[in-house]
Amino acid sequence: MPRFHCPAVLQSGQPLTLPAGTARHVQVLRLQPGQVITLFNGEGGEWDATITRMGRSDVDVVLGTHRAIEREAGRAVHLALGMPANDRMDWLVEKAAELGAASVQPLHTAHSVLRLAGERAAKKQAHWQSVAVAACEQCGGNRVPAVHAVGDFAAWLKALPSVPEGTPSLRCLLSLAKGTQPLTQALAQAPASATVWFLSGPEGGLSPAEDALARKAGFVPVTLGPRVLRAETAALAALTLALGG
């Protein structure tokens, strides 16, 4: 059954004219009145919906049964990273959404190749958010990860709220420094319900000054092993380990 993200209030038994973006996706598949599709709005669960009318630019449906299905991980895992170059960020956002990341925070760092500002940055954020939506439509995820606006590394760290005492959480900094503990060890020591933040650098990693700032903000340096991984590979490998833990 085709699945579509529908950013609207959904209620069983109610008629609905689909938002423009969702309607376009339905029309591309040349679906017809009477066919049943699946809708989700990112607030939990999914709905059956029967198409009642296909217009030139709009689509009407009637919402059916709501199914309280969650396919999310047992813990929230947030990914913050110095943006990799070229189209690798698209691929990274897509895979992070498929795996079940709670959010993605692109960052400008000292070694970042990709630099975005103003209208270009806003367009990229919107594009990456649409990539995350499409990934959730494909993989069955009912909660779309937020792709935040591109941030400056130091400003983002400064804005991070302190973790209240007693709140299960873990902040991990992917690092190649000697003596760094394995990520698997850090995850094993954290409660299964702990919220996890991963901070990863771009090609070339974080600068020494950025590394020091991250540690001061409570990020624990961790390693994935002796191999030097590409920026996008390291971030997704860490995400996979945390979501599977």
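The present account deals with the structure reproduced in this document.

## Thoughts on the layout of surface pockets
Phase 1: Approximately 470 Å³ is the volume found for the largest pocket.
Phase 2: L174, S175, L176, G205 and L229 are, among the 23 residues lining the largest pocket, the residues nearest its centre.
Phase 3: Contributions of two or more residues to the lining of the largest pocket are made by β10 (169-174), β13 (220-223) and α7 (231-244).
Phase 4: Counted by class, the lining of the largest pocket contains eleven nonpolar, eight polar and four charged residues.
Phase 5: Its volume calculated, the second largest pocket comes out at about 160 Å³.
Phase 6: Taken together, H5, P7, P19, G21, T22, R24, H25, S130, V133, A134 and E137 form the lining of the second largest pocket.
Phase 7: Elements with a contribution of two residues or more to the lining of the second largest pocket: α1 (20-28) and α3 (118-139).
Phase 8: Its residues placed into classes, the lining of the second largest pocket shows four nonpolar, five polar and two charged.

## Overview of the packing of aromatic side chains
Phase 1: Under the defined criterion, the tally for this structure stands at two aromatic pairs.
Phase 2: Measuring from ring centre to ring centre gives 6.2 Å for W156 and F219, while their planes differ by 45 degrees; the resulting arrangement is tilted. Here W156, found in helix α4 (residues 153-159), pairs with F219, found in the loop between α6 (208-216) and β13; they are 63 residues apart in sequence, far enough to count as distant. F219 carries the same exposure label as W156, and that label is buried.
Phase 3: Put simply, the rings of W156, W197 and F219 touch in pairs and so form one group of aromatic residues.

## Re the pairing of strand β3 (residues 36-40)
Phase 1: Of all the five residues making up β3, four are buried; the element is thus mostly covered by neighbouring parts of the structure.
Phase 2: Across three bridges, strand β1 (residues 3-5) lies against β3 in parallel orientation. Residue pairing for β3: R3 is matched across the bridge by T38.
Phase 3: Of the pairings in the sheet, the one linking β3 to strand β4 (residues 46-54) comprises four bridges and is antiparallel in character. Each residue of the ladder has a partner; that of V36, found in β4, is T50.
Phase 4: Hairpin remark: β3 followed by β4, antiparallel, with five residues in the connecting loop; positive phi at G42, about 90 degrees.

## Re the environment of A214
Phase 1: If you trace the backbone, A214 turns up in helix α6.
Phase 2: Spatially, the C-alpha atom of A214 lies 11 Å from that of G201, the residues being 13 residues apart in sequence.
Phase 3: Those residues within four positions of A214 in sequence are excluded, and the remaining contacts are F153, L157, L173, L199 and F219.

## Examining the sheet that holds β3
Paired through backbone hydrogen bonds, the strands of a sheet run either parallel or antiparallel to each other.
Phase 1: With mixed pairing, the five strands of this open sheet are ordered in space as β1-β3-β4-β5-β2. Two strands lie at the open edges of the sheet, namely β1 and β2 (15-17), each paired on one side alone. Strand-to-strand twist across the sheet, computed as the mean angle between neighbouring axes with direction ignored, equals 40 degrees.
Phase 2: Taken together, the three bridges between β2 and strand β5 (residues 59-67) define a ladder with antiparallel strand orientation. Across the sheet, T17 pairs through a bridge with D60, a residue of β5.
Phase 3: Of the strands in this sheet, β1, β3, β4 and β5 touch α1, which is tilted by about 160 degrees from β1.

Procedures and definitions
Residues numbered from 1 in each chain as written. Predicted model: local features only at pLDDT ≥ 70, side-chain atom pairs only at ≥ 80, totals over all residues. Heavy atoms only, no water. 1 Å grid on protein atoms, 1.4 Å probe; cavity = no way out; pocket = protein on both sides within 12 Å on 5 of 7 lines; lining within 4 Å. Points joined across faces, edges and corners; volume = space filled by probe spheres on them. Helix = DSSP H or I, 4+ residues; strand = E, 2+ residues; numbered from the N terminus. Nonpolar A, V, L, I, M, F, W, Y, C, P; charged D, E, K, R; others polar. Phe/Tyr/Trp six-rings, centres within 6.5 Å; stacked < 30°, edge-to-face > 60°. Buried < 20%, exposed > 50% of the residue type's maximum accessible area, 1.4 Å probe, protein only. Pairing = 2+ DSSP bridges. Contact = heavy atoms within 4.5 Å. Axes fitted to C-alpha atoms, helices over the stretch in contact; angles between N-to-C directions.

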